[in-house]
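# Observations on the model geometry
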Amino acid sequence: MEYHDTSVDDGRTSSFWKKNNKAVPGRPSPRKEVKVVSTNNVGSSASFQDFQKSISDAWDLGDDEFCNITNIKISKKISQSAADSVINIHKHTYNGFSKQRPRISLNQCSLISDSDKNTDAGRAKIKKFQNLLQTSYLNLNVLQNLSWPGIPFPVRAETWRILSGYAPTCLDLREATLKQKRGEYWYFVKDYYYTGTRDDAYQGTYRQIHIDIPRMSPNIPLFRQKVVQDIFERILFIWSVRHPASGYVQGINDLVTPFFIVFLYDILPSGVNIDRIDLETLDQEKRNMVEADSYWCFSKFLAGIQDNYIFPQLGIQHKINQLRELIKRIDGTLHAHLESNGVEYLQFSFRWMNNLLTRELPLRCLIRLWDTYLSELDTFATFQLFVCAAFLLYWRDDLLLKKDFQGLMLMLQNLPTQHWSDTEINILVAEAYRLKCTFADAPNHFQTKGS
């Protein structure tokens, strides 16, 4: 992707913040007294806490329905030039990152793509996964490389369990290990949940989770079912009790969702629409498997980034500063444009880091993105930084058209990704990989013009 100096002034400004002084859920307060963390002072936790309060009601009211997923191969081991070629192909197809992107008809959507099973390439890819998953001693590196450009839904659940470090790579031990860990989870339910929810020491945590869960993805009928809300409540409460250093932090519930959807899909009868299923009608034992697997994979996924959620979330503060410096090096023009208009990186990227882009992307895209995240699990904390950088740079030209703070913030907090598909996610991760190869551990003088 080429970054170049450009400046366009269409004379338009937005009066959004002037007309609406009310707090917007999930958005920083427009009031002047809200402070932000100095980008040059990681330790300024007081102003960071002020900002946290201003977005404490960050709940997404517009999650998308489950939609079609396609797969475009992008190998993890490709060189920088190969990644450029992939990106340039999609640039040619869609006239660049910031141009009009294809719309998807929601009436024709499902979680599983026809390319996963109804084409020769799709069937061949599924077969390749199945053969690998059935080897006696699975080579994890091979599975990671195969999974990085996307996993077909018929084999996604089993692959995610292994990539998460939950299921062993040894085939003979896999079933017994899963049975043991699932039993251990239900012991936690008895020991922590049913006891802890009556313990005064955990009443604050329980009440907050109990309040937050009904707000989760309210536009998706599946998440309005009480049985689903009970599952998330148990998972989050047990995780919080077993991780006292961080405890429950708003937004963590979003990180359970991809695992829950993938494992739920795995137990559904063929042809059943996942967003219309009544979980009460499903076999109790299978529901218990979905809940236990979601808990363990969620826990293992968060293990490498737990410092993001330990008060006062210094891990996120550090990553926000890293993002600022990275964009300054990659695209000095965009960085200067944001700073000259008073936009602090904290004001838009806190949620990206805290929720791992779960509030910025449709669920169908999030699941595809996590194929790559789980393939990068050992270096995920670093890779996600470059994903956020690529995500910001995706909107470069659009952002440069905004000529004031109000217009920039309105766009950054409401990026139009509702019609994204695997195509955009594949571009995003390829660009993130290219940026990582180019700028990770690169000398500071390696900057773009205008920095």
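Structural notes, computed from the coordinates. (Residues numbered from 1 in each chain as written. Predicted model: local features only at pLDDT ≥ 70, side-chain atom pairs only at ≥ 80, totals over all residues. Heavy atoms only, no water.)

## Re the overall build of the chain
If you tally the helices and strands in the chain, you get 20 helices and zero strands. Put simply, the chain has 451 residues, and 56% of those count as buried. In the chain, the proportion of contacts linking residues at least 24 apart, taken out of those at least 6 apart, comes to 78%. Looking at the chain as shown, the accessible area adds up to about 19,600 Å², and 49% of this sits on carbon and sulfur atoms. (Helix = DSSP H or I, 4+ residues; strand = E, 2+ residues; numbered from the N terminus. Buried < 20%, exposed > 50% of the residue type's maximum accessible area, 1.4 Å probe, protein only. Contact = heavy atoms within 4.5 Å. Areas by Shrake-Rupley, 256 points an atom, 1.4 Å probe, with all protein chains shown as cover.)

## Let's talk about the packing of helix 7 (residues 153–163) against helix 16 (residues 363–375)
Packing of helix 7 against helix 16 leaves a shortest axis separation of 10 Å and a crossing angle of 35 degrees. As for how helix 7 packs across helix 16, the hand of that crossing is left-handed. Where helix 7 abuts helix 16, its residues Phe153, Arg156, Trp160 and Leu163 lie against Ile367, Arg368, Trp370, Asp371, Leu374 and Ser375. For the contact of helix 7 with helix 16, a count of residues per class yields six nonpolar, one polar and three charged. (Axes fitted to C-alpha atoms, helices over the stretch in contact; angles between N-to-C directions. Left-handed = near helix turned anticlockwise from the far one by under 90°. Nonpolar A, V, L, I, M, F, W, Y, C, P; charged D, E, K, R; others polar.)

## Details of the environment of Lys226
As for its position among the elements, Lys226 is in helix 10 (residues 226–242). The exposure class of Lys226 is exposed, given its relative accessible area of 59%. In the structure, Lys226 is positioned 54 residues away from Glu280 in sequence and 9.3 Å away in space, judged by C-alpha atoms.

## Topic: the packing of helix 16 against helix 20 (residues 422–439)
Where helix 16 contacts helix 20, the axes come no closer than 9 Å and their chain directions differ by 35 degrees. Regarding helix 16 and helix 20, the two cross each other, and that crossing is right-handed. Between helix 16 and helix 20, the residues in contact are Arg364, Cys365, Arg368, Leu369 and Thr372 and Asp422, Ile425, Asn426 and Val429, respectively. Classifying every residue of the contact of helix 16 with helix 20 gives four nonpolar, two polar and three charged.

## Section: the side chain of Asp371
You can see Asp371 is positioned in helix 16. Residue Asp371 is classed as buried on the basis of its relative accessible area of 0%. Setting aside chain neighbours within four positions, we find Asp371 in contact with Ser147, Gly150, Ile151, Arg156 and Trp160.

## Structural notes on the side chain of Ser349
Inspection of the secondary structure puts Ser349 in helix 15 (residues 346–355). Setting aside residues up to four positions removed in sequence, Ser349 forms contacts with Ile320 and Leu323.

## Remarks on helix 6 (residues 140–147)
Those residues of helix 6 that sit buried are Leu143, Gln144, Leu146 and Ser147. Taken end-on, helix 6 shows its buried residues confined to a sector of 165 degrees, consistent with a single buried face. Lining the buried residues of helix 6 we find helix 5 (120–133), helix 7 and helix 16. Between the side-chain oxygen of the N-cap and the backbone nitrogen of Asn141 there are 3.0 Å, and the N-cap of helix 6 in question is Asn139. (Arc of directions from axis to C-beta. Polar contact = N/O pair within 3.5 Å; in protein donor to acceptor, adjacent residues only side chain to side chain.)

## Some points on helix 17 (residues 380–394)
Note: α-helices contain 3.6 residues per turn, so residues at a spacing of three or four share the same orientation. Over its 15 residues, helix 17 extends 20 Å from the first C-alpha to the last, a length consistent with the 21 Å expected when each residue adds 1.5 Å. In terms of residue burial, helix 17 counts as a mostly covered element, since 13 of its 15 residues are buried. (Expected span 1.5 Å × (residues − 1).)

## Describing the nonpolar core
One finds Phe260, Leu264, Leu279, Phe298, Phe301, Trp370 and Leu392 to be the most contacted residues of the largest nonpolar core, which totals 121 residues. Top element by residues in this core is helix 17. It accounts for 12 residues. (Core = buried A, V, L, I, M, F, W, Y, C linked by side-chain atoms within 4.5 Å.)

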